[in-house]
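What the coordinates show
Below, each chain spelled out in residue letters.
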Amino acid sequence: MPKKIIIDTDPGVDDTIAICVALRSPEVQVIGLTSVFGNAPGEVTAQNALRLVELEGHGDIPVARGSDVPLVFPLERLGTWVHGEDGMGNTHPPAPRGKLVDQTAAEFIIDTVRANPGEVILVPVGPLTNLGLALRLDPGIAGLVKEVVIMGGAVACPGNMTPVSEANIYHDPHAADMVMAAGWPLTIVGLDVTHKTMMTTQFQQELFKADNPAVRLIEKILPCYKNYFNGAFGLNGAIYTHDPSALAYVIRPELFETQSVPVFVETAGRCVGQTVADWHHQWEERPEVKVCLGVDSPGVLALIKERLTK
Ligand code: BDR
Ligand code: CA
């Protein structure tokens, strides 16, 4: 039986790759996408989510629009300087044909989890605002989801938004802290592993040999994203593998090494958005979460390539 997943996403170049991998993987059944602000404004990421299910011939998959702003802080910097004004590398794709469902992302998550108790895996690969809102509306869902697998955080490594914070957590630290504290089975796929897995130019060239709509779109939207990695990290045309790594974890968790530890998110001051692991249980009681610290990078890359090129 495929795992039922809801991808909560801010597409987004790497979100696009992750969603295409998911839609092409028999191990998972994408039962919905929920969108959130982050890499681009909320109205843009919602339309991109619709575009992506249509691109892959899954226009029947419901897409619910989520939050345009963080829970507490005012909307600050979006990721348009990384992903383009349209979240699609400034390629301005045509409007999607389909419509969003008539529910907010938080409502969709709650109803779907309650209709499938113990079965749904939530896979947030953007700011955690929708999950925070869902927990606020219905804390009972924490005991009903099968698992939560987030792309976010930098537990034992430097950040990418600030020296200590990763972008998805930084964009809504209050929601992220609620998610860490909720007591549901949670795994963090953060920069600790996504910065160890690089899609080199050689990997990209091999990928682009395939001829299907997903690969053609990825090839088109990638240059803008690569510019960011060249400028910020000197990667010479390579990119780190963020959101697709979370999907790889859902599909093949054995490719990752995890350690269990309580994690807190800093919500104020210079270190806002930092994911702090309480390794020696010195702070107040908080449930442990699994943090990915090791990864079989060739295994993850082979999985992604296989799914996108078949
Ligand atoms: C995360 O931030 C966004 O730019 C990416 O889509 C990814 O989810 C990486 O820090
Ligand atoms: Ca993302």
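Structure shown above.
Now for a quick tour of the structure. (Residues numbered from 1 in each chain as written. Chains lettered and ligands numbered in written order. Predicted model: local features only at pLDDT ≥ 70, side-chain atom pairs only at ≥ 80, totals over all residues. Heavy atoms only, no water.)

Topic: the coordination of the calcium ion (ligand 2)
Six octahedral donors around a metal ideally subtend angles of 90 or 180 degrees, whereas four tetrahedral donors ideally subtend 109.5 degrees. Each protein donor to the calcium ion (ligand 2) is listed here as Asp10 (OD), Asp15 (OD), Asp15 (OD), Val125 (O) and Asp243 (OD); together their distances run 2.3 to 2.6 Å. One chain supplies every donor to the calcium ion (ligand 2), and in sequence these donors are spaced D-x4-D-x109-V-x117-D. With a gap of 233 residues between them, Asp10 in the loop between β1 (3-9) and α1 (13-23) and Asp243 in helix α11 (residues 243-251) connect regions that are remote in the sequence. Judged on exposure class, the residue Asp10 and its partner Asp243 are both buried. (Donors = N, O, S within 2.8 Å, 3.2 Å for Na, K, Ca; no water. Helix = DSSP H or I, 4+ residues; strand = E, 2+ residues; numbered from the N terminus. Buried < 20%, exposed > 50% of the residue type's maximum accessible area, 1.4 Å probe, protein only.)

Structural notes on the environment of Asp14
In this structure, Asp14 sits in helix α1. Expressed as a C-alpha distance, the spacing of Asp14 and Ile239, which sit 225 residues apart in the sequence, is 9.4 Å. When residues no more than four places from it in sequence are discounted, the contact partners of Asp14 are Asn39, His83, Tyr225, His242, Asp243 and Pro244. (Contact = heavy atoms within 4.5 Å.)

Focus on the side chain of Asn212
Looking at the secondary structure, you find Asn212 in the loop between α9 (201-208) and α10 (213-233). Ignoring anything within four residues of it in the chain, the contact list for Asn212 reads Arg24, Leu308, Thr309 and Lys310.

Description of the pairing of β1
Most of β1 is tucked away: 6 of the 7 residues are buried. In this structure, β1 lies alongside strand β2 (residues 28-35), joined through 7 bridges in parallel fashion. The partner of Lys4 across the bridge, within β2, is Gln29. Assessed by its sense of winding, the connection that carries the chain from β1 through α1 to β2 is right-handed. Examined bridge by bridge, β1 and strand β4 (residues 120-124) share 5 bridges and lie parallel to one another. Bridge pairing links Ile5 to Ile121 in β4. (Pairing = 2+ DSSP bridges. Right-handed = clockwise from strand over helix to strand, strands pointing away.)

Let's talk about the environment of Leu78
By secondary structure assignment, the location of Leu78 is in the loop between β3 (63-65) and α3 (80-83). In the structure, Leu78 is positioned 76 residues away from Pro2 in sequence and 34 Å away in space, judged by C-alpha atoms. Leaving out residues up to four positions away in the same chain, Leu78 has contacts with Phe37, Gly38, Ala40, Pro41 and His171.

Considering α10
Taking 1.5 Å per residue as the helical rise, α10 with its 21 residues ought to reach 30 Å, and the 29 Å between its terminal C-alpha atoms agrees with that figure. At Leu222, α10 is bent by approximately 45°, the largest bend along its length, and proline Pro223 sits one to four residues beyond. Looking at α10, one finds that the buried residues are Ala214, Val215, Leu217, Ile218, Ile221, Leu222, Cys224, Tyr225, Lys226, Tyr228 and Phe229. On the buried face of α10, the contacting elements are α1, α2 (42-55), α3, α9, β8 (239-240) and α12 (297-309). For α10, the side-chain oxygen to backbone nitrogen distance between the N-cap and Ala214 is 3.1 Å, and the N-cap itself is Asn212. Phi turns positive, to about 60°, at Gly234, one or two residues after α10. (Expected span 1.5 Å × (residues − 1). Bend = angle between axes of the 7 residues up to and from the residue. Polar contact = N/O pair within 3.5 Å; in protein donor to acceptor, adjacent residues only side chain to side chain.)

A look at the site of ligand 1
Taken together, the neighbourhood of ligand 1 is formed by Asp14, Asp15, Asn39, His83, Val125, Met151, Asn160, Glu166, Ala167, Asn168, His242 and Asp243. Here Asp14 contributes a side-chain N or O atom positioned 2.6 Å from an oxygen atom of ligand 1. Within the side chain of Glu166, one N or O atom sits 2.4 Å away from an oxygen atom of ligand 1. Against a free-state accessible area of 280 Å², the protein chains account for coverage of 94% of ligand 1. For the shell around ligand 1, the secondary-structure elements that each account for two or more residues are α1 and α6 (167-171). (Near = heavy atom within 4 Å. Areas by Shrake-Rupley, 256 points an atom, 1.4 Å probe, with all protein chains shown as cover.)

What to know about the packing of aromatic side chains
With the rule as written, the count across this model stands at 9 aromatic pairs. Here Tyr228 and Phe233 contribute two aromatic rings whose centre-to-centre distance is 6.0 Å and whose plane-to-plane angle is 85°, an arrangement assigned as edge-to-face. For Tyr228, a relative accessible area of 12% gives the class buried. When the centroid spacing of 5.6 Å and the interplanar angle of 90° are considered together, the rings of Phe229 and Tyr240 count as edge-to-face. Of this pair, Phe229 sits in helix α10 while Tyr240 sits in strand β8; the two residues are 11 residues apart in sequence, bridging distant segments of the chain. Considered together, Phe229 and Tyr240 belong to a single accessibility category, that of buried residues. Clustering of aromatic rings is evident, with ring pairs tying together Trp81, Tyr225, Tyr228, Phe229, Phe233 and Tyr240. The ring of Phe264 has Arg286 lying over it, and the distance from NZ or CZ to the ring centre is 4.2 Å. (Phe/Tyr/Trp six-rings, centres within 6.5 Å; stacked < 30°, edge-to-face > 60°. Lys NZ or Arg CZ within 6 Å of the ring centre and 35° of its normal.)

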